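Examining the three-dimensional arrangement
One-letter residues, chain by chain:
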Amino acid sequence: MRPNAFNLMTYGLLALPVAFAGLPLFIHAPDYYATDLGVPLAAMGAVLVGLRLIDAVQDPLIGSLSDRFHEMRRLIVLVGAVLLGAGFWMLFHPVGEPLLWMAISILICTTGFSMVGINLQAMGGLWQVDGSERVRVAGVREGLGLIGLLLGSVTPTVLVRSMDAGAAFHWLSVLCLISLIIGVAAFWQWSGRAAMARPAKVVSLNYLALMREPWVRRFTLTYGLSSLASAIPAVLIIFYVRDHLNAQDFTGLFLILYFISGAATMPLWQRISTRFGKGRAWGLSMVLASLTFVWAFFLPPDAVIMFAVVCILSGTAFGADLALPSAIIADRLEASGHETAASRYYALLAFLSKLALSLATGLSLPALAAFGYQPGVADSGGYLPLFYALIPCVIKVMAALSLRLSPLYRH
């Protein structure tokens with residue numbers, strides 16, 4: 001079956017408000033609590049680290065429970081959306097002890113975030129469409145998610161400029177809830193009609209059994225390396241742009257160019273995957289990412305236009321990274337008869353992404369400090385381009401080699 005544009009939009013629209021909530025949750029909220037509510041940075045940092053760990057660890061549990069109650073996935077998504085909306089509203093309407101309130105709000109919010117994200121991907125993977133259309137399904141969802149990410153990055157800044165922080169975050173919460181309600185309504189309409197794959201037999205797979213599968217181990221290695229290569233620049237971009245390029249005022253523009261390029265080129269990657277296969281298309285995107293992003297290592301200070309070109313070209317490869325792994329998993333579910341483990345597969349995907357971000361933060365920042373780099377000071381030693389661009393490109397090439405030497409490449 002080839003889904004029409006309306007069905008694709010009603011399926012993917014929920015990804016927009018989910019992504020919209022993500023940036024304010026971990027970027028704007030800590031600043032608001034520290035600046036306006038006087039929460040000590042050290043205490044807040046410790047709480048946020050703990051919440052990040054809980055967020056990563058709970059994904060496999062959510063995946064297991066979602067598979068166990070797979071017939072209730074629509075309801076699970078609905079409950080997750082309610083938790084996400086309630087936690088987001090609570091976060092920016094604090095009552096009582098601010099630090100405790102922040103911790104409870106973020107925990108509720110991230111739990112809902114994971115419930116919606118994992119099951120939305122799982123239901124997209126189980127949606128009975130032609131194999132060639134699975135990249136399109138994932139691409140629409142991730143493209144709408146990128147739009148939500150951009151709106152989530154711009155809206156708080158615009159609101160704070162026109163009113164005080166408390167009022168700005170109140171209206172941000174209102175916008176988030178409205179978009180979440182619209183997204184849930186669209187999802188409910190789609191999920192009530194969409195045909196879901198029904199397994200011929202129930203296959204009981206816990207995570208240990210899943211990891212015994214050679215296919216899953218190779219996918220984990222490849223996706224993990226690729227995610228780490230993407231996570232390191234995500235952690236370091238502000239430092240690279242400010243302390244190497246001397247272009248802090250252009251940081252937002254660079255991000256917008258990168259994300260828009262990724263969203264705009266998703267149809268291209270669908271055509272490439274249809275012609276050459278999803279595995280080969282994914283491998284090509286890794287090679288493209290390495291060949292384009294490595295130029296950031298050679299850029300001199302003040303090379304604003306050249307780095308903008310790097311963002312556009314590497315963003316093109318980013319679109320494939322968003323859509324293809326999810327589509328490859330959808331094919332795997334059908335081929336292996338593992339439909340009853342769909343949420344576990346996508347929970348593994350979410351866990352690997354969060355693990356990569358944690359490793360990127362925990363390894364790259366201390367390593368830079370060990371080489372003498374100080375944030376806010378010009379990078380005279382030239383270590384930022386090394387860690388920001390060259391090392392991630394080497395890791396991305398390793399991911400491409402892992403893919404090329406595995407059955408995934410012939411997928």
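Before reading further, recall that the structure is shown in the block above.
This write-up is about the structure you can find in this document. (Residues numbered from 1 in each chain as written. Predicted model: local features only at pLDDT ≥ 70, side-chain atom pairs only at ≥ 80, totals over all residues. Heavy atoms only, no water.)

Observations regarding the overall build of the chain
- If you tally the helices and strands in the chain, you get 15 helices and 0 strands.
- Scaling as 2.2 N^0.38, a compact globule of 411 residues should have a C-alpha radius of gyration of about 22 Å, and the chain matches this with 21 Å.
- Considering only C-alpha atoms, the chain reaches an extent of 60 × 50 × 40 Å along its principal axes.
- For the chain, the proportion of its 411 residues judged to be buried stands at 53%.
- Sequence-distant contacts in the chain: of pairs separated by 6 or more residues, those separated by 24 or more amount to 84%.
- On the chain, roughly 18,000 Å² of surface is accessible, and the fraction owed to carbon and sulfur atoms is 70%.
- Here the chain contributes 26 positively and 20 negatively charged side chains, and the mean placements of these two sets differ by 13 Å. (Helix = DSSP H or I, 4+ residues; strand = E, 2+ residues; numbered from the N terminus. Rg over C-alpha atoms; globule rule 2.2 N^0.38 Å. Buried < 20%, exposed > 50% of the residue type's maximum accessible area, 1.4 Å probe, protein only. Contact = heavy atoms within 4.5 Å. Areas by Shrake-Rupley, 256 points an atom, 1.4 Å probe, with all protein chains shown as cover. Lys, Arg positive; Asp, Glu negative; His and termini not counted. Charge placed at Lys NZ, Arg CZ, Asp CG, Glu CD.)

A look at the nonpolar core
- Judged by nonpolar contacts, the single largest core of 113 residues is most densely connected at L14, W127, F219, F307 and Y388.
- The biggest single contributor to this core is helix α9 (residues 214–243), with 15 residues.
- Core analysis: the second largest hydrophobic core is formed by 6 residues, I62, I76, A347 and A350 among them. (Core = buried A, V, L, I, M, F, W, Y, C linked by side-chain atoms within 4.5 Å.)

Concerning the environment of S402
- Looking at where S402 falls in the secondary structure, it is placed in helix α15 (residues 383–404).
- Taking the C-alpha atoms as reference points, S402 and L144, separated by 258 residues in sequence, lie 30 Å from one another.
- In this view, S402 contacts R218, L221 and T222; residues no more than four positions away in its chain are not counted.

Considering the side chain of T110
- Positionally, T110 belongs in helix α5 (residues 98–126).
- In this structure the side chain of T110 is engaged in a polar contact, spanning 3.2 Å, whose partner is the backbone oxygen of L107.
- Residues within four places of T110 in sequence aside, it is in contact with L25, F26, D55 and Q58. (Polar contact = N/O pair within 3.5 Å; in protein donor to acceptor, adjacent residues only side chain to side chain.)

Digging into the packing of aromatic side chains
- Counted by the stated rule, this structure contains 25 aromatic pairs.
- Taken together, a centroid distance of 5.3 Å and an interplanar angle of 5° make the contact between W215 and F219 stacked. Placement of the pair is W215 and F219 together in helix α9, with a separation of 4 residues, close to one helical turn. The pair formed by W215 and F219 is uniform in burial state, with each residue classed as buried.
- An aromatic cluster is defined as three or more aromatic residues linked by ring pairs; in this entry it consists of Y240, F250, F254, F293, F307 and Y388.
- Over the ring of W188 we find R74, and its NZ or CZ is 3.8 Å from the ring centre. (Phe/Tyr/Trp six-rings, centres within 6.5 Å; stacked < 30°, edge-to-face > 60°. Lys NZ or Arg CZ within 6 Å of the ring centre and 35° of its normal.)

Re the packing of helix α4 (residues 73–91) against α5
- At a minimum axis distance of 7 Å, the contact between α4 and α5 shows a crossing angle of 150°. By the angle between their directions, the pair α4 and α5 is classed as roughly antiparallel. Like other packed secondary-structure pairs, α4 and α5 cross with a definite hand, here left-handed.
- Here the residues of the contact of α4 with α5 sort into 22 nonpolar, 6 polar and 2 charged. (Axes fitted to C-alpha atoms, helices over the stretch in contact; angles between N-to-C directions. Parallel < 35°, antiparallel > 145°, perpendicular 65-115°, else oblique. Left-handed = near helix turned anticlockwise from the far one by under 90°. Nonpolar A, V, L, I, M, F, W, Y, C, P; charged D, E, K, R; others polar.)

Details of the environment of L13
- With respect to the helices and strands, L13 occurs in the loop between α1 (5–12) and α2 (15–35).
- Of the residues examined, L13 reaches a relative accessible area of 23% and is grouped as partly exposed.
- Distance in space between the C-alpha atoms of L13 and G145 is 8.0 Å, their sequence separation being 132 residues.
- Those residues in contact with L13 that lie beyond four places of it in its chain are L144, I182, G183 and A186.

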